[in-house]
Amino acid sequence: MLSTAASTFGRVASRRASTAFNTQRYFHASPECLAKLNVEGLAERVDLAGQNVLMRVDLNVPLSKEDDVTVTDDTRLRSIVPTAKFLLGKGANLILCSHFGRPKGEIIETGKNGRLNPVVPHLKTLLGVDVKKVDDCIGPEVEAAASSMKGGEVLLLENTRFHAGETKNDPTLAEGLGKLADYFVMDAFGTAHRAHSSTAGVASHVKMSAAGYLLDKELKFLQGAVDSPNRPLAAIVGGAKVSTKIPVIESLIKKCDKILIGGGMIFTFYRALGYNTGSSLVEEDMIELAGKLMKQAEEAGVKLILPTDVVLADKFDNDANIKVANATDMDDGWMGLDIGPESIDTFAKEIAECNTIVFNGPMGVFEMSNFAKGTVTIAELLASATQDRGAITIVGGGDSVAAVNQAGLGDKVSHISTGGGASLELLEGKELPGVAVLTEV
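What you see is a predicted model; the values in this text were computed from it and never measured. (Residues numbered from 1 in each chain as written. Predicted model: local features only at pLDDT ≥ 70, side-chain atom pairs only at ≥ 80, totals over all residues. Heavy atoms only, no water.)

Some points on the overall build of the protein chain
Note the threshold: Segments assigned H or I by DSSP are reported as helices when at least four residues long, segments assigned E as strands when at least two residues long, and all are numbered from the N terminus. Here the radius of gyration uses the C-alpha set of atoms, whereas the globule reference equals 2.2 Å times the residue count to the power 0.38. Note on exposure labels: buried denotes an accessible area under 20% of the residue type's maximum, exposed denotes more than 50%, and partly exposed covers the range between, all computed with a 1.4 Å probe on protein chains only. Two residues qualify as a contact provided that any one of their heavy atoms is within 4.5 Å of a heavy atom in the partner residue. In short, Shrake-Rupley with a 1.4 Å probe defines the accessible areas, and a residue's cover is counted only from the protein chains shown.
A count of helices and strands for the protein chain gives 17 helices and 16 strands. Here the C-alpha radius of gyration of the protein chain, 23 Å, is about what a compact globule of 441 residues would show, namely 22 Å. If one aligns the C-alpha atoms of the protein chain with their principal axes, the spans along those axes are about 70 × 50 × 35 Å. Looking at the protein chain residue by residue over its 441 residues, the buried ones come to 57%. Across the protein chain, every contact between residues at least 6 apart in sequence was considered, and the portion connecting residues at least 24 apart equals 75%. When the accessible surface of the protein chain is split by element, carbon and sulfur atoms take 48% of a total near 17,600 Å².

Here you go:
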């Protein structure tokens, strides 16, 4: 244990500290990644010209709060383009299906839980073809629209979650989706950890199912990073609560050489070490478990590194009074909202020693400019690690992805994961339902 926990658990060496540095060596995809059919493999097995292919995508994009129509970030729309264009290039009829928000079985006309109409203009531009849309995702009218498609056309189905059975993996809904196509391509990594009708159930009603480029890449990067990494391997884990990251931290302890902890969760660890945390966020029922995680890391010979200083504020506001304090010397009435400069320097040195780095969760309240330095600096360090020495850097989790993109560094790291919960579950070593159903190679 290093940094703030040093007095309790002592300094331990990494179990693989002697791993030689080699910028040319990259991880290899684990066997599980290679066991499922991908879209190119599907095209090799089947002539897709004139065939209907149902492609599960993630079109759950944010809309402007001003009009509930304007798409404010088209990252997820752009991410489907490679697979979609590949299938269209093979002459396939492309049927796109996606959820949009959480309508919970209700038909909602507009807004973040409404119809998929706002994404149609963007899809037309991105794909360079006309995109027809229907007002349901199953039923006679949808089947008629699907059966009348000609080579290279695109049909967008309505929000799958207008059907309450979608999130329950309703077999009737899955069968209805299966009637639209002979082949299924799963390219919505962000929902691959959900056993829903459109992500898992539908696979039982088509001839073959394959991973799209996006899903295939996610599996190879995320699974490859932890199963067959170019060591040393570091995980930078942030976010507000320990409770949401317990399984992934436990899993990473078994696989990583070092784990760097940031975000609001550090204060629960501090309390486990007996530190005063002022008004900072603490999960009282997780204090004992935080202590156990530190002990597990020590016993495994893994560095679990906590910040040695924090940026404090007298209220949760960007305009609050601010000061930097040692982690062991926080005053009552002050709350920690970012890691401090000494901690940033420590993290930088640790990152510089690693050849594979996974970043999941912000270091502070990055949405407020005065508390964004820790997160932004980590993003810059990862970008430099990749650009300057070829390190594999993977960013997963909605907030950390947003922070990296906000810093304009999305194209400077090795991989930006499109899945929050899916990224975590894959790092935990869980089998994702949307992957398990794909055709074996």
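Remarks on the state of the cysteines
When the sulfur atoms of two cysteines share a covalent bond, that bond is a disulfide. Our working definition: We call a pair of cysteine sulfur atoms a disulfide when they lie within 2.5 Å.
Under the counting rule described, the total for this entry stands at 0 disulfides. The cysteine Cys-137 is free of any disulfide, with Cys-97 supplying the nearest cysteine sulfur at 7.5 Å. For Cys-137, a relative accessible area of 1% translates into the label buried.

Concerning unusual backbone geometry
Trans peptide bonds make up the majority, and among non-glycine residues the majority have a negative phi. Cis geometry marks the peptide bond from Arg-231 to Pro-232, where omega comes out at 5°. As for its placement among the helices and strands, Pro-232 is situated in the loop between helix 9 (213–227) and strand 8 (233–237). Here the phi dihedral of Asp-68 falls at roughly 60°; this positive angle occurs in a residue that is not glycine. The topology assignment puts Asp-68 in the loop between strand 2 (52–56) and helix 4 (75–79). Residue classification places Asp-68 among the partly exposed residues on the basis of a relative accessible area of 35%. Of note, the phi angle at Asn-169 is positive, near 55°, even though the residue is not glycine. Within the secondary structure layout, Asn-169 lies in the loop between strand 5 (154–156) and helix 8 (171–178).

So, the side chain of Asp-58
Put simply, the test is: Contacts described as polar in this section are N or O atom pairs within 3.5 Å, which, within protein, must combine one atom able to donate a hydrogen with one able to accept it, while residues neighboring in sequence count only if both atoms come from side chains.
Summarising the element assignment, Asp-58 is placed in the loop between strand 2 and helix 4. There is a polar contact of 3.1 Å between the side chain of Asp-58 and the backbone nitrogen of Asn-60. Dropping the residues within four chain positions of it, Asp-58 is found in contact with Arg-76, Ser-98, His-99, Ala-188 and Gly-190.

Here we look at the nonpolar core
What counts is decided by this rule: For the purposes of this section, nonpolar cores are sets of buried Ala, Val, Leu, Ile, Met, Phe, Trp, Tyr and Cys residues that join through side-chain atoms within 4.5 Å.
The biggest cluster of nonpolar side chains holds 75 residues, and the ones touching the most others in it are Leu-54, Leu-157, Leu-215, Ile-261, Phe-269, Tyr-270 and Leu-306. Of all hydrophobic cores here, the second largest spans 36 residues; its members include Ile-80, Leu-96, Val-120 and Val-154.

Some remarks on the layout of surface pockets
This is how it is decided: Buriedness for pockets is judged along seven lines, at least five of which must meet protein on both sides within 12 Å for an open set on the 1 Å grid over protein atoms alone, while cavities are sets there where a 1.4 Å probe fits but cannot get out, and lining residues have an atom within 4 Å of a point. Grid points are joined across faces, edges and corners, and a volume is the space filled by probe spheres set on the points. Any residue that is not Ala, Val, Leu, Ile, Met, Phe, Trp, Tyr, Cys, Pro, Asp, Glu, Lys or Arg is counted as polar, Gly included; the first ten are nonpolar and the last four charged.
There is about 1,400 Å³ of room inside the largest pocket. If you go around the largest pocket, you meet 41 residues; those closest to its centre are Asp-58, Asn-60, Arg-76, Thr-418 and Gly-419. Looking at the lining of the largest pocket, the elements that each hand over two or more residues are helix 4, helix 9, helix 15 (398–406) and strand 16 (415–416). The residue makeup of the lining of the largest pocket, split by class, is 9 nonpolar, 22 polar and 10 charged.

A short note on the confidence of the model for the protein chain
Our working definition: One confidence number per residue, pLDDT, is output by the predictor and ranges from 0 to 100.
On average, residues of the protein chain score 89 in pLDDT, and 92% of them reach the 70 mark or higher. Confidence drops under a pLDDT of 50 for residues 1–31, and excluding neighbours within four residues, the segment shows 87 contacts in the predicted structure.

Examining the sheet that holds strand 12 (residues 322–326)
Put simply, the rule is: We treat two strands as partners when DSSP finds at least two bridges between them. Inter-axis angles, ranging from 0 to 180 degrees, are taken between N-to-C directions of lines fitted to C-alpha atoms, where helices are fitted over the stretch in contact.
Overall, antiparallel pairing links the 3 strands, which are arranged 12-11-13 in an open sheet. If you trace the sheet from one side to the other, it starts and ends with strand 12 and strand 13 (335–339), each paired once. Across this sheet, the average inter-strand angle for adjacent strands is 40°, counted without regard to direction. Contacting strand 11 (309–313), strand 12 and strand 13, helix 13 (residues 341–352) runs over the sheet at an angle of about 35° to strand 13.

A few points about the pattern of salt bridges
Which entries qualify depends on this criterion: In the sections that follow, a salt bridge refers to a side-chain nitrogen of Lys or Arg positioned within 4 Å of a carboxyl oxygen of Asp or Glu.
What the rule picks out here adds up to 19 salt bridges. Across the pair Arg-76 and Asp-58 runs a salt bridge whose closest N-O atoms are separated by 3.6 Å. Pair noted here: Arg-76 is in helix 4 and Asp-58 is in the loop between strand 2 and helix 4, with a separation of 18 residues, a long-range link. For Asp-58, a relative accessible area of 9% translates into the label buried. Among the ionic pairs, Glu-158 bridges to Arg-115, the shortest N-O distance being 2.9 Å. Highlighted residues: Glu-158 in the loop between strand 5 and helix 8 and Arg-115 in the loop between strand 3 (93–97) and helix 6 (120–127), separated in sequence by 43 residues. Judged on exposure class, the residue Glu-158 and its partner Arg-115 are both buried. A network of salt bridges, in which partner residues are shared, links Glu-109, Arg-115, Lys-133, Asp-135 and Glu-158.

Structural notes on the pairing of strand 15 (residues 392–395)
What counts, and what does not: When the strands point away from the viewer and the path from the first strand over the helix to the second turns clockwise, the crossover is right-handed.
Taking every second residue as pointing to the same face, both faces of strand 15 are buried, with Ile-392 and Ile-394 on one and Thr-393 and Val-395 on the other. Pairing of strand 14 (residues 356–360) with strand 15, which is carried by 4 bridges, proceeds in the parallel orientation. Counterpart to Ile-357 in the pairing with strand 15 is Thr-393. On the question of chirality, the crossover connecting strand 14 to the parallel strand 15 by way of helix 14 (residues 373–389) is right-handed. Note that strand 15 and strand 16 share 2 bridges and pair parallel. By the bridge assignment for strand 16, Ile-394 is matched with His-415.

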